[in-house]
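Survey of secondary and tertiary structure
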Amino acid sequence: MSDLVARKDGKAGRFTLNRPGALNALTYEMCLQIESYLGKWEADPDVELILFEGAGERAFCAGGDITAMYKTAVAGDYDYGRQFWTDEYRLNAKLATSPKQIISFLHGFTMGGGVGLGCHLPHRIVCESSQIAMPECGIGLVPDVGGSLLLARAPGRFGEYLGTTASRMGPADAIFAGFADHFIPQEDWPRLIETLCDTGDVSAIAKAARPAGPAPLLQIEAQVNEFFRGDYFGDIVNNLNHTGGDFAEACIKKLSRSSPLAMAATIELIHRVRGLDDIVLALGMEYRFTYRAAEQGDFIEGIRAMVIDKDKSPKWRHAMTDPLLPAASAMLRPLGPHSLDLTES
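Residues numbered from 1 in each chain as written. Predicted model: local features only at pLDDT ≥ 70, side-chain atom pairs only at ≥ 80, totals over all residues. Heavy atoms only, no water.

1. Some words on the sheet that holds strand 5 (residues 101-106)
- Read from one edge of the open sheet, 6 strands run 1-2-3-5-7-9, paired in mixed fashion. Each edge of the open sheet is held by one strand with a lone partner, namely strand 1 (4-9) and strand 9 (182-183).
- The pairing of strand 7 (residues 123-126) with strand 9 spans 2 bridges and is classified as parallel. Across the sheet, residue Val126 finds its bridge partner in strand 9, namely Phe183.
- In the packing of helix 1 (residues 28-42) onto the sheet, contacts are made with strand 1, strand 2 (12-17), strand 3 (49-54) and strand 5, and the angle to strand 2 comes to roughly 175°. (Pairing = 2+ DSSP bridges. Helix = DSSP H or I, 4+ residues; strand = E, 2+ residues; numbered from the N terminus. Contact = heavy atoms within 4.5 Å. Axes fitted to C-alpha atoms, helices over the stretch in contact; angles between N-to-C directions.)

2. Brief notes about the side chain of Arg82
- Mapped onto the elements of the fold, Arg82 is located in helix 3 (residues 79-97).
- Residues contacting Arg82, with those up to four places away along its chain left out, are Tyr287, Tyr291 and Glu295.

3. A short note on the nonpolar core
- Judged by nonpolar contacts, the single largest core of 94 residues is most densely connected at Phe52, Tyr161, Phe179 and Leu240.
- Discounting residues that sit within four places of it in the chain, Tyr161 has contacts with Ala166, Ser167, Leu217, Ile220, Val224, Phe228, Phe247, Cys251 and Lys254.
- In terms of nonpolar packing, the next biggest core, distinct from the first, is built from 16 residues, Phe105, Trp189, Leu192 and Leu196 among them. (Core = buried A, V, L, I, M, F, W, Y, C linked by side-chain atoms within 4.5 Å. Buried < 20%, exposed > 50% of the residue type's maximum accessible area, 1.4 Å probe, protein only.)

4. Some words on the environment of Gly275
- Looking at the secondary structure, you find Gly275 in helix 13 (residues 260-276).
- When the C-alpha atoms of Gly275 and Ala204 are compared, they prove to be 35 Å apart, with 71 residues separating the residues in sequence.

5. Some details on the packing of aromatic side chains
- Counted by the stated rule, this structure contains 16 aromatic pairs.
- Measuring from ring centre to ring centre gives 5.1 Å for Phe105 and Trp189, while their planes differ by 65°; the resulting arrangement is edge-to-face. Of the two residues, Phe105 sits in strand 5 while Trp189 sits in helix 8 (residues 189-199), which places them 84 residues apart along the sequence. One exposure class covers both Phe105 and Trp189, and it is buried. (Phe/Tyr/Trp six-rings, centres within 6.5 Å; stacked < 30°, edge-to-face > 60°.)

6. What about the side chain of Asp298?
- Topologically, Asp298 is positioned in the loop between helix 14 (279-296) and helix 15 (299-308).
- Within the structure, Asp298 has its side chain in polar contact with the side chain of Ser259 (distance 2.7 Å).
- For Asp298, the contacting residues outside a window of four places in its chain are Ile139, Gly140, Ser259, Leu261, Ala293, Trp316 and Arg317. (Polar contact = N/O pair within 3.5 Å; in protein donor to acceptor, adjacent residues only side chain to side chain.)

Right under this line is the structure:
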């Protein structure tokens, strides 16, 4: 069975990510296939809308398949990862700017690459099981696939908080933070999908939507806006360390699991992107970091600790108390001739 099932169903083009045993992690081949079908369906007048779904019960898409990136980078080949990111980011940009109505059904885990696929669309549906997050700092990356733009658009300082702590958002939180639009109970999805395929009418989504309930993030809004308002990551760490209390201690615990370099760059990245508010510019900024991540950052060590050896004891290049701004800024310097090119190769 193919890792990606793509077919026309009535007035819809339907993508099903079909790697349930791997939480539907996005492979390089799947990325290229989606882009190819997307181009065909955008040019097909019979396709009035496009649907994204994930097979199995556990995940829409828990991220990109990073094992191959690790293996090639350890062998000294950094070009594979750079090409993967280039092609994936091009797909992210196309999805965000597509003329078609595109709908994602974000059940279970939607993280990293799954956010890039499912959260830049005009219709993003969550259900009871939805858990959305950007956990890239835990493997030595910054929130990418356009995630920096979503974080920059989040209310107040929730972008900085979610991007560095990798906190998971349930359905109400995802809607509050701008990662989703509608809560629809999962038991209602088959009937909705059938209606969408039969009619091509996206107004059926709003009609099926239900209240998601209060967002738990609202309970910590004051603390997030107070402690994560710093200009630099070091400011945030100092705010938390000098305050104490349950919230600050919980945040420090979460931050201690991730790459200090990646978190420092994430704060700088979100601040830059917030002033640009453009998916292409955001992806270009992210690529500056991911291009350098394996060779100059913590990416290889993060994957080793969290995915390969699974000892969860990464040896990061920096400590949280280090003066991180120079190193973080260096990771986000322009790439000159190696800058992200979103034209097809």
